[in-house]
Amino acid sequence: QVQLVESGGGLVQPGGSLRLSCAASGSIFSIDRMGWYRQVPGKEREVVASVTSGGSANYADSLKGRFTISRDNAKKTVYLQMNSLKPEDTAVYYCMTYINTRSYWGRGIQVTVSS
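Residues numbered from 1 in each chain as written. Predicted model: local features only at pLDDT ≥ 70, side-chain atom pairs only at ≥ 80, totals over all residues. Heavy atoms only, no water.

## A few points about the sheet that holds strand 1 (residues 2-7)
- One open sheet holds the four strands; their spatial order is 1-3-8-7, and the pairing between them is antiparallel. A strand with exactly one partner marks an edge of an open sheet, and here the two such strands are strand 1 and strand 7 (67-72). For this sheet, the mean angle separating the axes of adjacent strands, direction not counted, is 15 degrees.
- Strand direction decides the pairing type here: strand 7 and strand 8 (residues 77-82), joined by six bridges, are antiparallel. By the bridge assignment, phenylalanine 67 is partnered in strand 8 with methionine 82. (Pairing = 2+ DSSP bridges. Helix = DSSP H or I, 4+ residues; strand = E, 2+ residues; numbered from the N terminus. Axes fitted to C-alpha atoms, helices over the stretch in contact; angles between N-to-C directions.)

Here it is, written out as structure tokens:
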């Protein structure tokens, strides 16, 4: 069984930074693309960023320059560095990875940007 555990969320003031982590564990033979999504109440879940096993990253256009995704293949972990946070970044952030050719989702972690 595969599990994804997210950490690093919380409350931060506008302009601040947070680093999210998502660690995969369990019966893992291969990990392909890893990514982050976010969702606010009443809206659809949207992609934030993703990174391939080779390290090629893609971002939502609106987040380029503020968010950086990275991964540590040895630790089976994907990170999301979020800088210059804005109140509109407030959401539940979800980790998603392709493991053993199927997708898995984390439970989500709250990020709140407020003064």
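## Topic: the nonpolar core
- Judged by nonpolar contacts, the single largest core of 30 residues is most densely connected at Trp36, Leu80, Met82 and Tyr93.
- Elements that contribute at least two residues to this core include exactly strand 1, strand 3 (18-26), strand 4 (31-39), strand 5 (46-51), strand 7, strand 8, strand 9 (91-99) and strand 11 (109-113). (Core = buried A, V, L, I, M, F, W, Y, C linked by side-chain atoms within 4.5 Å. Buried < 20%, exposed > 50% of the residue type's maximum accessible area, 1.4 Å probe, protein only.)

## Re the pattern of salt bridges
- Overall, the coordinates contain four salt bridges when judged by the stated rule.
- As a salt-bridge pair, lysine 64 and aspartate 61 come within 3.3 Å of each other at their nearest N and O atoms. Neither lysine 64 nor aspartate 61 differs from the other in exposure class; each is exposed.
- Through salt bridges with shared partners, a single network forms among Arg38, Glu46, Arg66 and Asp89. (Salt bridge = Lys/Arg side-chain N within 4 Å of Asp/Glu carboxyl O.)

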